Amino acid sequence: MRTVGALPPSAQRLLAGRPTRIDGQQLHPEVQLALRLLRLAGGPTFETLPLQEGRAQISSEAWIFGDQLPVGTVRDLTLDGRDGPIPARLYRPEGLSDPAALLVYFHGGGWVLGGLDASDSACRFLAVHAGIAILSVDYRLAPEHPFPAAVNDAVDAFRAAVVEAEAWGVDPVAIGVGGESAGGNLAAVVAQVTHAATGPEPAFQLLFFPVTDLSTKHPSYTLFAEGYFLTEAQMDWYRDHYLNDPDLALDPRVSPLLAGDLSGLCPAYVVVAGFDPLRDEGEAYARRLREAGVRVSLQRHSGLIHGIVNATGVGRSGREVLLQAAGALRVELAARAGVG
């Protein structure tokens, strides 16, 4: 994977085969080649395995596709939550001045898989290239802890970060939320829940390929049902593990796209991939935010697939997506630190 990811695009195209085009988009040759290699490798996918084996598979994929970019300090800690301690990991790049900006980050994995190690490479990359601290949150997973456990942990983690800001050398008014896939869902929900309540709310939200609507399947589910890393069957598996009752999908804390009023929420940077079942609902959420008067930057990476931000150690595409997001974090979050 690492070898072919380093090849020039012309060589990747030759090895990948004829271009794949769907819905006016062309799959990036780097991604097409990676998908071809994954198919050749064979083996069962996580949703067909016993739960613990599926979780182990996701951890091994994080090791294969990511890398450990050096960061000044990385330390594990626990946060106070309403239902008990919440494990977390704090990244602080070398030379970061106090008070710094902080992004509270939630990993992907459909609320069922993943953990601190699954998002480690993306967190390291963002910390170094955005020049901010990152707090990665190990929220509780379903089915052992179904909805709303992950939401409660996510909200509590953000509030705990505000409380601990001074001790961590962080500016409490320069704390944002972010995440990928299910983590992007949680980040969006934290922004909504804290805005509706009294007390602090995020200064910014960074949403990578967010799940925004479990109540229905948008057209991109049909276009990219299988063959492009995340599948429709896997999303069904995630939903069935996360929700004890299918009707819960109508709750805006599950499907933030269904919230009645999005006005007044913090600025958002929304990233979608062209070849992703979740593409259309991510774009729909960005549109609703914009219609509500929220400042939004929507980035569609038309030739890429779900989860590419975790592939910092393989190829160039994941790093390019993260670099653009890091630039947004510098402008929208890092620039706020120490100003007020």
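A few points on the structure. Bear in mind that the values here come from a model prediction, so they are computed numbers and not experimental data. (Residues numbered from 1 in each chain as written. Predicted model: local features only at pLDDT ≥ 70, side-chain atom pairs only at ≥ 80, totals over all residues. Heavy atoms only, no water.)

Overview of the overall build of the chain
Inference 1: Summing up its helical and strand segments, the chain has eleven helices and ten strands in all.
Inference 2: Its C-alpha atoms give the chain principal-axis dimensions of roughly 55 × 45 × 40 Å.
Inference 3: Residues classed as buried in the chain amount to 57% of the 340 residues present.
Inference 4: Of all intrachain contacts in the chain linking residues separated by at least 6 positions in sequence, the fraction that spans at least 24 positions is 77%.
Inference 5: By element, 53% of the accessible surface of the chain is carried by carbon and sulfur atoms, the whole surface being about 13600 Å².
Inference 6: Looking at charge distribution, the chain has the averaged site of its 27 positive side-chain charges lying 7 Å from that of its 38 negative ones. (Helix = DSSP H or I, 4+ residues; strand = E, 2+ residues; numbered from the N terminus. Buried < 20%, exposed > 50% of the residue type's maximum accessible area, 1.4 Å probe, protein only. Contact = heavy atoms within 4.5 Å. Areas by Shrake-Rupley, 256 points an atom, 1.4 Å probe, with all protein chains shown as cover. Lys, Arg positive; Asp, Glu negative; His and termini not counted. Charge placed at Lys NZ, Arg CZ, Asp CG, Glu CD.)

A short note on the state of the cysteines
Inference 1: Going through the model one piece at a time under the given rule, you end up with zero disulfides.
Inference 2: Free cysteine: Cys-123, not disulfide-bonded; nearest cysteine sulfur from Cys-266 at 18 Å.
Inference 3: With a relative accessible area of 0%, Cys-123 lands in the buried category. (Disulfide = S-S within 2.5 Å.)

Looking at the packing of helix α5 (residues 120-130) against helix α11 (residues 317-332)
Inference 1: It is the contact of α5 with α11, at a shortest axis distance of 9 Å, that shows an interaxial angle of 50°. Here α11 runs oblique to α5, going by the angle between their axes. α11 is crossed by α5, and the crossing has right-handed handedness. Of the residues in α11, those in contact with Ala-122, Phe-125, Leu-126, Val-128, His-129 and Ala-130 of α5 are Arg-319, Leu-322, Leu-323, Ala-325, Ala-326, Leu-329 and Arg-330.
Inference 2: Of the residues assigned to the contact of α5 with α11, the class counts are ten nonpolar, one polar and two charged. (Axes fitted to C-alpha atoms, helices over the stretch in contact; angles between N-to-C directions. Parallel < 35°, antiparallel > 145°, perpendicular 65-115°, else oblique. Left-handed = near helix turned anticlockwise from the far one by under 90°. Nonpolar A, V, L, I, M, F, W, Y, C, P; charged D, E, K, R; others polar.)

What about helix α10 (residues 279-291)?
Inference 1: The terminal C-alpha atoms of α10, which comprises 13 residues, lie 19 Å apart, in line with the 18 Å expected from a rise of 1.5 Å per residue.
Inference 2: Those residues of α10 that fall on the buried side of the exposure criterion are Arg-279, Asp-280, Glu-281, Gly-282, Glu-283, Ala-284, Tyr-285, Ala-286 and Leu-289.
Inference 3: Contacts made by the buried residues of α10 are with β2 (25-26), α7 (182-196), β8 (205-208), α8 (219-223), β9 (268-275) and β10 (296-305).
Inference 4: At the C-terminal side of α10, Gly-293 shows a positive phi close to 90°. (Expected span 1.5 Å × (residues − 1).)

Some remarks on unusual backbone geometry
Inference 1: A cis amide bond links Ala-142 to the next residue, Pro-143, at an omega of 5°.
Inference 2: For the peptide bond that leads from Phe-147 to Pro-148, omega is 15°, which places it in the cis range.
Inference 3: Of note, Pro-148 is situated in the loop between β6 (133-137) and α6 (149-168).
Inference 4: Positive phi is not limited to glycine here, since Trp-111 has a value of about 65°.
Inference 5: Counting through the fold element by element, Trp-111 comes out in the loop between β5 (100-106) and α5.
Inference 6: Taking the relative accessible area as the measure of exposure, Trp-111 reaches 0% and is therefore buried.

Examining the pairing of strand β3 (residues 73-79)
Taken residue by residue, a regular strand's side chains alternate between the two faces of the sheet.
Inference 1: Across seven bridges, β3 lies against strand β4 (residues 86-92) in antiparallel orientation. Residue pairing in the sheet places Asp-76 in a bridge with Arg-89 of β4.
Inference 2: In this antiparallel pair of consecutive strands, β3 and β4, the connection spans six residues, and Gly-84 shows a positive phi of 130°. (Pairing = 2+ DSSP bridges.)

Comments concerning the packing of aromatic side chains
Inference 1: Within this structure, the stated rule accounts for nine aromatic pairs.
Inference 2: Between Trp-111 and Tyr-242, the aromatic rings sit 4.2 Å apart at their centres with planes inclined by 5°, giving stacked as the arrangement. One end of the pair, Trp-111, is in the loop between β5 and α5; the other, Tyr-242, is in helix α9 (residues 232-242), and 131 residues separate them in sequence. There is no split in this pair, since Trp-111 and Tyr-242 are both buried.
Inference 3: Arranged with centres 6.3 Å apart and planes meeting at 40°, the rings of Phe-208 and Phe-209 form a pair that is tilted. Phe-209 matches Phe-208 in its accessibility class, with the two residues each being buried.
Inference 4: Each residue in the set Phe-46, Trp-237 and Tyr-238 is aromatic and connected to the rest through ring pairs, giving one cluster. (Phe/Tyr/Trp six-rings, centres within 6.5 Å; stacked < 30°, edge-to-face > 60°.)

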